[in-house]
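For reference, the chains in residue letters:
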Amino acid sequence: MHSDRDSETTFDEDSQPNDEVMPYSDDETEDELESPLPAVEPEQNRINREAEESREPVKKDCSWQVKANDRNFHEQPQFKKTTFLCFKKSKYAGNAIKTYKYNAITFLPLNLLEQFKRVANFYFLVLLILQTIPQITTLSWYTTLVPLLLVLGITAIKDLVDDIARHRMDNEINNRTCDVIRDGRFKTAKWKDIQVGDVIRLEKNAFVPADILLLSSSEPNSLCYVETAELDGETNLKFKMSLEVTDRYLQEENAMAEFDGFIECEEPNNRLDKFTGTLFWRSRTYPLDADKILLRGCKIRNTDFCHGVVIFAGGDTKIMKNSGKTRFKRTKIDSLMNYMVYTIFVVLILLSAGLAIGHTYWEQQIGNTSWYLYDGEDYSPPYRGFLNFWGYIIVLNTMVPISLYVSVEVIRLGQSYFINWDLQMYYPEKDTPAKARTTTLNEQLGQIHYIFSDKTGTLTQNIMAFKKCCINGQTYGKYIRTQEQPNWQVDFSWNMYADGKLAFCDHYLIEQIRCGKETEVRQFFFLLAICHTVMVDASDGQLNYQAASPDEGALVTAARNFGFAFLSRTQNTITISEMGIERTYDVLAILDFNSDRKRMSVIVREPDGNIKLYCKGADTVIYERLHPMNPQRQITQEALDIFANETLRTLCLCYKDISHGEYEAWNKKFMEASVAASNRDEALDNVYEEIEKNLILLGATAIEDKLQDGVPETISKLAKADIKIWVLTGDKKETAENIGFSCELLTDETTICYGEDISALLQTRLENQNNKAESNINSSQRTNEPFFQSGRNRALIITGSWLNEILLEKKKKKKKLLKLKFPKTAEEKEKQIQSKRRADANKEQQQRNFVDLACECSAVICCRVTPKQKAMVVELVKKYKKAITLAIGDGANDVNMIKTAHIGVGISGQEGMQAVMSSDYSFGQFRYLQRLLLVHGRWSYIRMCKFLRYFFYKNFAFTLVHFWYSFFNGYSAQTAYEDWFITLYNVLYSSLPVLLVGLLDQDVSDKLSLRFPGLYISGQQDLLFNYKKFFVSLIHGIITSLIIFFIPYGAYLQTMGQDGEAPSDYQSFAVTAASSLIVAVNFQMGLDTSYWTFVNAFSIFGSIALYFGIMFDLHSAGIHVLFPSSFQFTGQCFVLYSCVLPQMHSFSRSKCHTSKSENTRNHKETAL
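What counts as what
- Residues numbered from 1 in each chain as written.
- Predicted model: local features only at pLDDT ≥ 70, side-chain atom pairs only at ≥ 80, totals over all residues.
- Heavy atoms only, no water.
- Helix = DSSP H or I, 4+ residues; strand = E, 2+ residues; numbered from the N terminus.
- Contact = heavy atoms within 4.5 Å.
- Areas by Shrake-Rupley, 256 points an atom, 1.4 Å probe, with all protein chains shown as cover.
- Phe/Tyr/Trp six-rings, centres within 6.5 Å; stacked < 30°, edge-to-face > 60°.
- Buried < 20%, exposed > 50% of the residue type's maximum accessible area, 1.4 Å probe, protein only.
- Pairing = 2+ DSSP bridges.
- Core = buried A, V, L, I, M, F, W, Y, C linked by side-chain atoms within 4.5 Å.
- Salt bridge = Lys/Arg side-chain N within 4 Å of Asp/Glu carboxyl O.
- 1 Å grid on protein atoms, 1.4 Å probe; cavity = no way out; pocket = protein on both sides within 12 Å on 5 of 7 lines; lining within 4 Å.
- Points joined across faces, edges and corners; volume = space filled by probe spheres on them.
- Nonpolar A, V, L, I, M, F, W, Y, C, P; charged D, E, K, R; others polar.
- Axes fitted to C-alpha atoms, helices over the stretch in contact; angles between N-to-C directions.
- Parallel < 35°, antiparallel > 145°, perpendicular 65-115°, else oblique.
- Left-handed = near helix turned anticlockwise from the far one by under 90°.
- pLDDT = per-residue confidence, 0-100.
- Patch = residues over 30% accessible without salt bridge, like charges linked within 9 Å, V, L, I, M, F, W, Y side chains within 5 Å.
- Lys, Arg positive; Asp, Glu negative; His and termini not counted.
- Charge placed at Lys NZ, Arg CZ, Asp CG, Glu CD.
- Expected span 1.5 Å × (residues − 1).

Counting its secondary structure elements, the chain contains 39 helices and 35 strands. The contacts in the chain between residues at least 6 apart in sequence include a share of 74% that link residues at least 24 apart. As displayed, the chain has an accessible area near 53,700 Å², and 54% of this comes from carbon and sulfur atoms.

Our next topic: the packing of aromatic side chains. Following the criterion strictly, the structure yields 66 aromatic pairs and no others. Geometrically, the ring pair formed by Phe-418 and Trp-421 is edge-to-face, given 6.2 Å between the ring centres and 65° between the ring planes. Residue class for Phe-418 comes out partly exposed when judged on its relative accessible area of 27%. Pairing Phe-1045 with Tyr-1049 gives two aromatic rings, centres 6.1 Å apart and planes at 10°, and the pair type is stacked. You can see Phe-1045 and its partner Tyr-1049 sitting in helix α33 (residues 1027–1053), four residues apart, about one turn around the helix.

This part is about the sheet that holds strand β15 (residues 305–312). With antiparallel pairing, the six strands of this open sheet are ordered in space as β5-β4-β6-β15-β7-β13. Every interior strand has two partners, whereas the edge strands, β5 (185–190) and β13 (293–294), have only one. Bridging between strand β4 (residues 177–182) and β5 involves six bridges; their strand directions are antiparallel. Counted as the bridge partner of Val-180 is Lys-187 from β5.

For the rest of this paragraph, the subject is the nonpolar core. Among the nonpolar cores identified, the biggest contains 86 residues, and Leu-404, Phe-947, Leu-948, Phe-952, Tyr-977, Phe-981 and Leu-1077 are the most heavily contacted of them. Within the second largest apolar cluster, 53 residues are counted, among which are Trp-64, Ala-68, Ile-293 and Cys-298.

A word on the sheet that holds strand β17 (residues 450–453). For sheets, the rule is that strands pair by backbone hydrogen bonds, running either parallel or antiparallel. Taking strand neighbours across the sheet as the criterion, the nine strands line up as β16-β35-β34-β33-β17-β29-β32-β31-β30 in an open arrangement whose pairing is mixed. The sheet is open, and its two borders are formed by β16 (435–436) and β30 (751–754), each paired with just one other strand.

What follows covers the side chain of Gln-523. Residue placement: Gln-523 occurs in helix α14 (residues 519–530). For Gln-523, a relative accessible area of 15% gives the class buried.

So, about the pattern of salt bridges. Throughout the structure, instances matching the rule amount to 40 salt bridges. The residue Lys-158 makes a salt bridge to Asp-162 at a minimum N-O spacing of 3.6 Å. Here Asp-162 and Lys-158 lie together in helix α5 (residues 142–174), a separation of four residues that amounts to about one turn. With relative accessibility at 31%, the residue Asp-162 sits in the partly exposed group. One salt bridge in this structure joins Glu-443 and Arg-412, with 2.4 Å as the shortest N-O distance.

Moving on, we come to the pairing of strand β27 (residues 648–658). β27 sits mainly inside the fold: nine of its 11 residues count as buried. Two elements, strand β26 (residues 611–617) and β27, share seven bridges in a ladder whose sense is antiparallel. Bridging from a neighbouring strand, Ile-611 pairs with Ile-658 of β27. Relative to strand β28 (residues 696–704), β27 runs antiparallel, the two sharing eight bridges. Across the sheet, Tyr-655 pairs through a bridge with Ile-696, a residue of β28.

Here we come to empty space enclosed by the protein. All chains considered together, the criterion is met by six cavities of 30 Å³ or more. Roughly 150 Å³ of volume is contained in the largest cavity. Thr-143, Pro-147, Asn-397, Thr-398 and Ile-402 are, among the 15 residues lining the largest cavity, the residues nearest its centre. Secondary structure elements with two or more residues in the lining of the largest cavity: α5 and α29 (979–989). No other element matches the five residues that α29 contributes to the lining of the largest cavity. By residue class, the composition of the lining of the largest cavity is nine nonpolar, six polar and no charged.

Along the chain, Gln-914 falls in helix α27 (residues 914–917). On the accessibility criterion, Gln-914 (30% relative accessible area) is partly exposed. Along the chain, Gln-914 and Gly-891 lie 23 residues apart, while their C-alpha atoms are 6.4 Å from each other.

Let's shift gears to the packing of α14 against helix α15 (residues 550–561). Following both chains from N to C, one finds α14 and α15 inclined at 130°, their axes separated by 8 Å at the closest point. Taken as axis vectors, α14 and α15 run oblique relative to one another. Note that α14 runs across α15; the crossing there is left-handed. In this structure, α14 contributes Phe-525, Leu-528 and Ala-529 to the contact, and α15 contributes Leu-555, Val-556 and Ala-559. Split by residue class, the contact of α14 with α15 holds six nonpolar, no polar and no charged.

This part covers the side chain of Asn-849. Residue position: Asn-849 is located in helix α24 (residues 826–855). Classification of Asn-849 as buried rests on a relative accessible area of 0%. Asn-849 has contacts with Leu-762, Arg-765, Leu-766, Gln-769 and Phe-787, leaving out every residue within four places of it along the chain.

Negative phi values dominate among residues other than glycine, just as trans dominates among peptide bonds. Despite not being glycine, Asp-431 shows a phi value in the positive range, around 55°. Within the secondary structure layout, Asp-431 lies in the loop between α12 (404–420) and β16. Taking the relative accessible area as the measure of exposure, Asp-431 reaches 55% and is therefore exposed. Phi is positive for Met-579, close to 55°, though the residue is something other than glycine. The topology assignment puts Met-579 in the loop between β23 (573–578) and β24 (581–591).

Mean pLDDT over the chain works out to 81, with 83% of the residues at or above the 70 mark. Scored below 50 in pLDDT, residues 1–15 shows 21 contacts in the model against residues more than four places distant or in partner chains. The model gives residues 812–820 a pLDDT under 50, and that stretch makes 23 contacts with residues more than four places away or in other chains.

All right, on to a nonpolar patch on the surface then. Taken together, the side chains of Tyr-339, Tyr-342, Tyr-1027 and Phe-1031 make up a nonpolar region of the molecular surface, amounting to roughly 430 Å² of accessible area. Elements with a minimum of two residues in the nonpolar patch: α10 (332–365) and α33. Structurally, the position occupied by Tyr-1027 is in helix α33.

Turning our attention to a negative patch on the surface. On the surface, Glu-429, Asp-709, Glu-713 and Glu-744 cluster together into a patch of negative charge. Among the secondary structure elements, Glu-713 is positioned in helix α20 (residues 711–720).

Let's shift gears to the packing of α5 against α29. For any two helices packed against each other, the geometry comes down to the angle between their axes and how far apart the axes lie. Contact pair α5 / α29: the axes reach a minimum separation of 8 Å and the direction vectors enclose 20°. By the angle class used here, α5 and α29 are roughly parallel. The way α5 lies across α29 gives a crossing that is right-handed. Counting all contacts with α5, which are made through Tyr-142, Thr-143, Val-146, Pro-147 and Leu-150, the residues of α29 involved are Asp-979, Trp-980, Ile-982, Thr-983 and Val-987. Residues that form the contact of α5 with α29 fall into these classes: seven nonpolar, two polar and one charged.

Below, the discussion takes up α33. Taking 1.5 Å per residue, 27 residues should reach 39 Å; α33 reaches 38 Å between its end C-alpha atoms and fits that length. Considered for burial, the residues of α33 that qualify are Phe-1030, Ser-1033, Leu-1034, Gly-1037, Thr-1040, Ser-1041, Ile-1044, Phe-1045, Pro-1048, Tyr-1049 and Tyr-1052. In this fold, the buried residues of α33 make contact with α10, α28 (928–966) and α34 (1066–1088).

Spelled out as structure tokens, the structure:
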């Protein structure tokens, strides 16, 4: 048993995790991890393989077919799909887009249907229907209709305004024009009329109308510069390049019209950075990738015109595929508020049922024996009780507040604007204000327990500067502050291409370059100048580089300053100035960089005919591919360690001489992989691996990425607010650790634990827990046992490889061919199921233990982690700690983490806008996070809690007066207030003060909130709004309602006016109770207000004044004369009802029925 468990929880026991190696790719599948085929294939497996090969071939990845200039091709039957019943349409979408939800006919029904999907709205609709039934209602229908219409109307107007804006945008986009080949010529056509296969022409500054294959352009070698701001928010220009064959033959209009190329490519998808396809033309095949595709939403820049063929149109374009619904996030208060509304609903049902039972008993004892209460209906007491149950559901419905959700949204919207308007979170250097990209999470900002932060560009500036390098074992560069020692800075004035911005402190390196004795030194910078994907824009005699990443831009700029300036490139060549001498090199192949390869290579043919491969990449991948005879290997590794300890970012540079025969053999494989119909990326990676080996190490670069301003202070304040910060980065362990010290996340007093330290501890804990479980010993307290002794400050630094090992996420290598495919017996299946259950249970327990251990540390740094691992760590903390999490990052690799956390924050940095576009909040610098949480988050939480407590209180105080009144009216569902007061109470009389408190209230100023971060802890512990606070509001409302009812009751009980008549009529009592309620709840709001402004004071006293003004009008004799049917209460009050309050139970029931028929009312008036 013990050995079985060990075998289930251990992977590759002969190998230990490597701290320097990035874990497997996020997209890697288990099939990619298979072991090599055995030398001898078992017979049974051979039979199974042959059977599988005899089946139909697997569907190709490239199943999307496009024929240029042939619309009829796409209308063929095989391209039709069934939409409804027997109706079919082409699978190729038209180019017209539709983002709106409604039209003039469907708006009202669809919008109402959408709104009534909300439980609260549907509940009040049911109440409105019940109020139309005379037998059960004692309230006029408008008491529910007016608030319901107000709520529905506000939401409908908002939806209508949004949808009108969508209509206008759709019309504006669909009616844009471009030139399309029609009848052999370019003719102007609207975007909505473009179809797949059309050949189009775009001019400078025009938007791309669809996803198109670039055929040619006005630029040399058919380069095309595009701006992708609408796709990913990035404003720096990117370049696209057409195939050489289309550039050569497709420049003239008649050639475009005759173009009949056939394209096979991937189906429409949302991957913006990937494309796989093949062009078949003139009996040859040409590989297509993302560099040859212009996506819809891009803008043509610095290019007079370009031509392309439409591949994806309309809803099939990548930008439209990315416009799907995002993950909906809800706050903790939202969930709690919903549960409280459900609690109120249960209380409402119980109260109504109890009062209905009371009415049944009262009818049996009193109602049936009182002849003057006969209403002409011979209903039995139980049936009358049943009717009264629904009557009380209507009367007490205000316990479930209809305006609660609308009020909450108004408050959140206002709080979002306050964040947007905060000038102290404005970053002037980049003109970047803070932006609340959602309005539903503001109060959750005041409850954060854990922050998960990226490093590069989030804690650091992501503005790279070349500081040091190691060439042929010699280290160059010094850390000198140029302000203190200006003479240390190198003078680059000898170089005509130097930009004058590089601050490098080592004159000896310049001497080595200029004298030319060390060939490795010049080759080092030549490699930096030739191995990259940077584009250059030469304008006004200046070289402006457009780089895909700050690292690459810094390296090419460094080479430029040291005498090796990149000047231009074409499809097959690159031109470099080498110490003032221009040379052009043939580029034979570019082996692209990606997150899996962690390297980039370029194969070039030098002017003398020699072929070389130049490669740069992470040290972990470069060292695995070096030639065994590299004399500078160890010295360079020591330099890399020194660079990492100085928090510098490092890359290794290497090269390789390639013979012509080796290149020809490799190029043949490369071309085959380039046009592979399936698994093209994998095929290319395998071909790249064949050539990128036995490399010669040149040296390493070291780039500085400084901390942002205010990072240490921000982390210190957040720590004092009991917020734990975890750093998740792909950098080396040494670099991440030193950044931890730089930003004061780690201190000299911190005891650091590493992956290897905690692995054995967690394994021992897991074995002990399993032993207890096997011995049937209760181990429920095991999770409460601390891993470390208290009193010491600890931090955890763990790499991605150790993270996979500890969390049992390391993928097992499958040996598929060694598994005989015989049918399994029931016993074997059961054993397999049990084994899987044990493995899953061990995995879950191990993950729980890891989270418990990590949370005992004051700081956690996860390095060498992939984007998927970042999201996994966030998800584990959410799952096992039930804590509110926040993720902050600036790059595309942080998007998964940002979407996984409860709140995602994006920083507008150097890596584009993908993180910002996926975030809930964004700003320009990490230091603004403290103000977002400690000021805006805390204020929002306090305001929302105070709003909810008061909102529930005022509704309880208002509604429960009906409950006390029921004991004096025979439980007849008669209301204690008149109808118009019930209608306007939540709309006019008590809404504004609580809304303003929810928007403006402050317990302390923003300066004190930042000065005393400990004030934030109340939100983390849910101290201001929970079920306890809810029941306190309930009890407060009960007490208020008791006072409001019984004090007027006692005052009017035995009262005699000067004229000898009792003034204790129904109207006087109702108005007195209502007036007391309005004064009480508004003054209570005043007492709960911490931050008084003129607006608050005006809202409180204005609400009271508004009440008395409206009540004076509603209870005047004039309004009864004008509207006798709507205001009969006023006309009858002094004439019909002059009975004292002890007799209320006799006449209130008859009053209840007077509104049902005129004849019955006359009968009761005679009886009284």
